[in-house]
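One-letter residues, chain by chain:
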Amino acid sequence: MTLREPQESTPPQGSTPPEGSVAHAVRAAGVGKTFPTKEGDVVALTGVELEVAAGEFVSLIGPSGCGKSTLLRLIADLDEASTGTLEIFGKPARTARLDQDYGIAFQQSGLLPWRTVAGNIGLPLELHGSGKAERTARVRELIELVGLTEFADRYPDQLSGGMQQRVAIARALASRPRLLLMDEPFGALDEMTREYLQSELTRIASETGAAVVFVTHSIPEAVFLSDRVVVMSPRPGRITDVLPISLGAARTEHLRESPEFFERVTAVREALHGTPVERANER
Amino acid sequence: MTAALRQARGPARQAQGPARSRRAGRASTEPRPLPRWLRWATPLAVGLLGLILWIVWVDVLGTAPRMLPSPIAILEEFVLRWNIIAADMAITATNALVGLIAGSLLAIVLAGLAASLKPIDGMLAPLVAAVAVVPIVALTPILNTMFGASSQFGRMAVAAIAAFVPVFVNTLRGLRQSRPVHRDLFRSSAATGSQTFRLLTLPTALPYLMTGLRIAASIAVISALVAEYFGGPADGVGTAIATYAKSGRAALAWAYVFGGILIGLAFFLVTSLLERLVTRRQPV
């Protein structure tokens, strides 16, 4: 299967960000989120300082309740931050959403069952009123990118879970976003499909040059995909550590068996647990 | 005949949600489904058995009440009087259809308003509950007198009121079924309110709407027919049944009942087909 995003000479959609913040896809300063409940306020997230450079792949990892999904939803402007400032390409999150500066994929593929694969992928373009000819061409490109050419006219209920998720990723890429937000997109898939899609994703990310913020609770997944891993912790949800992975740009299947890979996995695990992890052969 | 009756009445009593049975049928814990031919052959066999017992009772034993003629006699009468029966069927079917369409359109518009504007929902909910418990038959003599003895309007109005409730209830439910992940998707795609309604809320509600329509179709036919018992113009299937039953022409009265069943069956089959078309795609 060939997965090549044609190199575009046209700049990505959206207005150009102001000078000085060009480098940052996401810049969060003192971001917090409090949910009011009957029993009092619940602090879901507090004091988040995070910068994601353009083209950088950053994973958010942590146990459930650590606010990783909440942070992603704040970046996507699906929820509003209670405190702090959040800028996407130098703009407020709301403006970035309205300008379609990001594409998003969720744990559930969220495909519309009454639309074909092509219809689902083209949905964001349709919502922004792009022309039919342009849309058809872009959809064909994206279907090829995720390797579903023969399935363009199928309906979601005729696809496997992995295929559905590939459609969701293609849809997230439809309006050529410079930022891709992913909330455990492979969480419901089996291990084989998962590893396969991870490889695909690193390729797609490097070919499109988009920055990615990727929420996961799988340590190997975070290490394999990321340039940096952001470790989070619950009660209250906050960032406790940021680990650079520096495994280079090429993420191949060999990497999964390499000592460097396991080293990073251990580092992330220790950061998650807060103490050095005792190995089985050292007991 | 018994089988036909059961089929014609079945949908009114069925569950409100759109067809889920196909999915449930696939679950591995279910017992192995019957072979395909058995599924249609069994009810057919039971129906035939009923028909044979009926014939034996009437024609062989001769102990049946006088008003219960043999199915053969009924069928003969139906074929013989097809011209007048068809004309009356057309009247009743038209009343039911106009009522069904008018009632459903009103229900869809009001459900749309109730789903999008909370105050309207608060206003409508008790009113619809009130309409739902009004014995439609009780209104009929009043409506018939109100709109005059030569107008079909009273009958259409009865069918419309009867059709309104199931369509409204189901459509409103359907308009609230869009999933959080889909709403997030539309919000993150910066979709406008009308885009979200047109491309998400409405298509999600469609299977529910069609279920409501299927239930309403049978009720509309029954209401239009029963409304004829309470005055109005001297035509229609219901009027004919009442007239011929009173004058002792049992076979002809039954032939009209058969005509009424055919109308109900046609309405049910068409709306079931529509429902099938829109529930083709399982959610993922």
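What you see is a predicted model, and the numbers here were worked out from it, not measured in a lab. Throughout this document, residue positions are counted from 1 along each chain, in the order its sequence is written. Chains carry letters and ligands carry numbers; both start at the beginning, A for chains and 1 for ligands, and go up in the order they are written. Side-chain atom pairs in this predicted model are given and counted only at pLDDT of 80 or more, local residue features only at pLDDT of at least 70, and totals for whole chains, interfaces and linings cover all residues. Side-chain numbers here rest on the full set of heavy atoms in the structure, without hydrogens or water.

A short note on the overall build of chain B
And then number 1: What counts as a helix is a DSSP run of H or I of at least four residues, what counts as a strand is a run of E of at least two, and both are numbered from the N terminus. Counting its secondary structure elements, chain B contains 12 helices and 0 strands.
And then number 2: For chain B, the succession of helices and strands along the chain, N to C, is α-α-α-α-α-α-α-α-α-α-α-α.
And then number 3: By the convention used here, residues are in contact when the closest approach between their heavy atoms is within 4.5 Å. Sequence separation of 24 or more characterises 77% of the internal contacts of chain B that already satisfy a separation of 6 or more.
And then number 4: For chain B, the accessible surface area stands at approximately 15200 Å², while carbon and sulfur atoms represent 70% of it. Accessible surface is estimated by sampling points in the Shrake-Rupley manner with a 1.4 Å probe; for residues, cover comes only from the protein chains shown.

Some words on the overall build of chain A
And then number 1: On a plain count of helices and strands, chain A comes out with 9 helices and 10 strands.
And then number 2: Within chain A, contacts between residues at least 6 apart in sequence are counted, and of these 71% link residues at least 24 apart.
And then number 3: When the accessible area of chain A is evaluated, it comes to approximately 12900 Å², of which 51% is carbon and sulfur surface.

A few points about the pairing of strand E7 (residues 179-183) of chain A
Residue and element names in this part refer to chain A.
And then number 1: Here the term buried applies to any residue with accessible area under 20% of the maximum for its type, exposed to any over 50%, and partly exposed to those in between, with areas from a 1.4 Å probe on protein chains only. Burial of E7 is extensive: 5 of the 5 residues sit out of reach of the surface.
And then number 2: Criterion used throughout: strands pair if DSSP finds at least two bridges between them. Looking at chain direction, strand E6 (residues 102-105) and E7 are connected through 4 bridges and run parallel. Within the sheet, the bridge partner assigned to Gly103 lies in E7 and is Leu180.
And then number 3: Bridging between E7 and strand E8 (residues 211-216) involves 5 bridges; their strand directions are parallel. Residue pairing for E8: Leu179 is matched across the bridge by Ala211.

Focus: empty space enclosed by the protein
And then number 1: Cavities and pockets are defined on a 1 Å grid built over the protein atoms alone: a cavity is a set of grid points where a 1.4 Å probe fits but cannot escape, while a pocket is an open set with protein on both sides within 12 Å along at least five of seven lines, and lining residues are those with an atom within 4 Å of any such point. Grid points are joined across faces, edges and corners, and a volume is the space filled by probe spheres set on the points. Evaluated as defined, the whole model comprises 2 cavities of 30 Å³ or more.
And then number 2: If you add up the space inside the largest cavity, you get close to 100 Å³.
And then number 3: Lining the largest cavity, in full, are Gln100, Tyr102, Gly103, Ile104, Pro124, Arg171, Ala172 and Ser175 of chain A together with Leu185, Ser188 and Ser189 of chain B.
And then number 4: Every element with two or more residues in the lining of the largest cavity is listed here: E6 and helix H6 (161-172) of chain A together with helix H9 (180-188) of chain B.
And then number 5: Ranked by the residues each element gives to the lining of the largest cavity, the list is headed by E6 of chain A, at 3 residues.
And then number 6: When residues are grouped by polarity, Ala, Val, Leu, Ile, Met, Phe, Trp, Tyr, Cys and Pro land in nonpolar, Asp, Glu, Lys and Arg in charged, and all others, Gly among them, in polar. Broken down by class, the residue content of the lining of the largest cavity amounts to 5 nonpolar, 5 polar and 1 charged.

Thoughts on the confidence of the model for chain B
Note that predicted coordinates carrying low pLDDT should not be read in detail.
Residue and element names in this part refer to chain B.
And then number 1: When pLDDT is averaged along chain B, the result is 84; 89% of the residues meet or exceed 70.
And then number 2: Of all helices and strands in chain B, the one with the weakest mean pLDDT is helix H1 (residues 2-13) (39), whereas helix H5 (residues 82-116) scores best (93).
And then number 3: Confidence of the predictor at the level of single residues is given by pLDDT, which spans 0 to 100. Of the regions scoring below 50 in pLDDT, residues 1-27 engages in 44 contacts with residues more than four places distant in sequence or in other chains.
And then number 4: Reported confidences for the modelled complex are a pTM of 0.76 and an ipTM of 0.82.

Thoughts on the interface of chain B and chain A
How big an interface is tends to be reported as the loss of accessible area on association of its parts.
And then number 1: Taken together, the contacts link 21 residues of chain B with 27 residues of chain A.
And then number 2: Take the accessible area each of two parts loses on contact, using a 1.4 Å probe, and add the two losses: that sum is the buried area. Summing the contributions of chain B and of chain A, the shared interface buries around 2200 Å²; its carbon and sulfur component is 60%.
And then number 3: Three residues, Arg187, Arg281 and Val284 of chain B, lead the burial of chain B against chain A; their summed loss comes to 29% of the area buried on that side.
And then number 4: Here, a salt bridge means any side-chain nitrogen of Lys or Arg that lies within 4 Å of a carboxyl oxygen of Asp or Glu. The interface formed by chain B and chain A holds 2 salt bridges in total.
And then number 5: Taking the shortest distance from any N to any O, the salt bridge between Arg73 of chain A and Asp184 of chain B comes out at 2.7 Å.

Comments concerning unusual backbone geometry
All names here are of chain A.
And then number 1: For the bond running from Arg235 to Pro236, omega is -10°, close enough to zero to count as cis.
And then number 2: Residue placement: Pro236 occurs in the loop between strand E9 (228-233) and strand E10 (238-244).
And then number 3: Phi at Asp77 takes a positive value of approximately 60°, unusual for a residue other than glycine.
And then number 4: The topology assignment puts Asp77 in the loop between helix H1 (68-75) and strand E4 (83-88).
And then number 5: For Asp77, a relative accessible area of 5% corresponds to the buried category.
And then number 6: The phi dihedral of Glu184 falls on the positive side, at around 45°, and the residue is not glycine.
And then number 7: A relative accessible area of 10% places Glu184 in the buried class.

Topic: the environment of Leu125 of chain A
All names here are of chain A.
And then number 1: Take Leu125: it is sitting in helix H4 (residues 123-127).
And then number 2: Leu125 sits 13 residues away from Arg138 along the chain, and the two C-alpha atoms are 9.0 Å apart.
And then number 3: In this structure Leu125 touches Ser130, Arg135, Arg138, Val139, Ala174 and Ser175, once residues within four positions along its chain are discounted.

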